[in-house]
Amino acid sequence: CRNLGYPIMQYLSEKPDKVYTKMKELNDSEKLIGLSKEEVIKLLGEPQKKSRDNLYIYDAGTLTNYLFLGERESYDLFIWFDENDIVKSTEIDLPLGG
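Residues numbered from 1 in each chain as written. Predicted model: local features only at pLDDT ≥ 70, side-chain atom pairs only at ≥ 80, totals over all residues. Heavy atoms only, no water.

Asker: Please set out the pattern of salt bridges residue by residue, giving values where relevant.
Answerer: Counting across every chain of the model gives four salt bridges. Its salt-bridge partner being D28, residue K24 comes within 2.8 Å of it at the nearest N-O pair. Of this pair, K24 and D28 both sit in helix α2 (residues 18-29), four residues apart, roughly one helical turn. Residue E46 is joined to K50 by a salt bridge in which the shortest nitrogen-to-oxygen separation is 3.5 Å. As far as burial versus exposure is concerned, E46 and K50 are alike and both exposed. (Salt bridge = Lys/Arg side-chain N within 4 Å of Asp/Glu carboxyl O. Helix = DSSP H or I, 4+ residues; strand = E, 2+ residues; numbered from the N terminus. Buried < 20%, exposed > 50% of the residue type's maximum accessible area, 1.4 Å probe, protein only.)

Asker: Break down α2 for me, citing the residues and quoting the values.
Answerer: Counted at 1.5 Å a residue, the expected span for α2 with its 12 residues is 16 Å, and the 17 Å between its end C-alpha atoms agrees. Among the residues of α2, Y20, M23, L26 and N27 are the ones counted as buried. Taken around the axis of α2, the buried residues stretch over an arc of 130 degrees, which confines them to a single face. Residues of α2 that are buried make contact with β1 (14-16), α3 (37-44), β3 (55-65), β4 (71-81) and β5 (87-93). Immediately downstream of α2, the backbone of E30 shows phi near 60 degrees, a positive value. (Expected span 1.5 Å × (residues − 1). Arc of directions from axis to C-beta. Contact = heavy atoms within 4.5 Å.)

Asker: For the packing of aromatic side chains, give the residues involved together with the corresponding values.
Answerer: As enumerated under the stated definition, the model contains three aromatic pairs in all. For the pair F78 and W80, a centre-to-centre distance of 6.0 Å together with 20 degrees between the ring planes defines the contact as stacked. Taking the relative accessible area as the measure of exposure, F78 reaches 3% and is therefore buried. Accessibility expressed as a relative area gives 25% for W80, which makes it partly exposed. Positioned over the ring face of F81 is K37, at 5.3 Å from the centre of the ring. (Phe/Tyr/Trp six-rings, centres within 6.5 Å; stacked < 30°, edge-to-face > 60°. Lys NZ or Arg CZ within 6 Å of the ring centre and 35° of its normal.)

Any link to function would need more than the numbers given here.
In structure tokens, the structure reads:
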């Protein structure tokens, strides 16, 4: 039971910003699945990065851990498109290379 204390406290102390909350809701609800690239841009604006392999990357906000002196982790929303430029999957994760 003592081993569970730290992860639970860490989880409870993490607070998302508004951007993270919005992007997580979009990701978890799968509302972007089936949209075209144009529809994604209309909804979210221009991505911060585009790759040749049909990937758009957007800033997905931050989680701040107030238990540990305000330590912050920034996240990205990754949106993958199929060969017809339709969203096939999304994921929120730490930035590539980060």
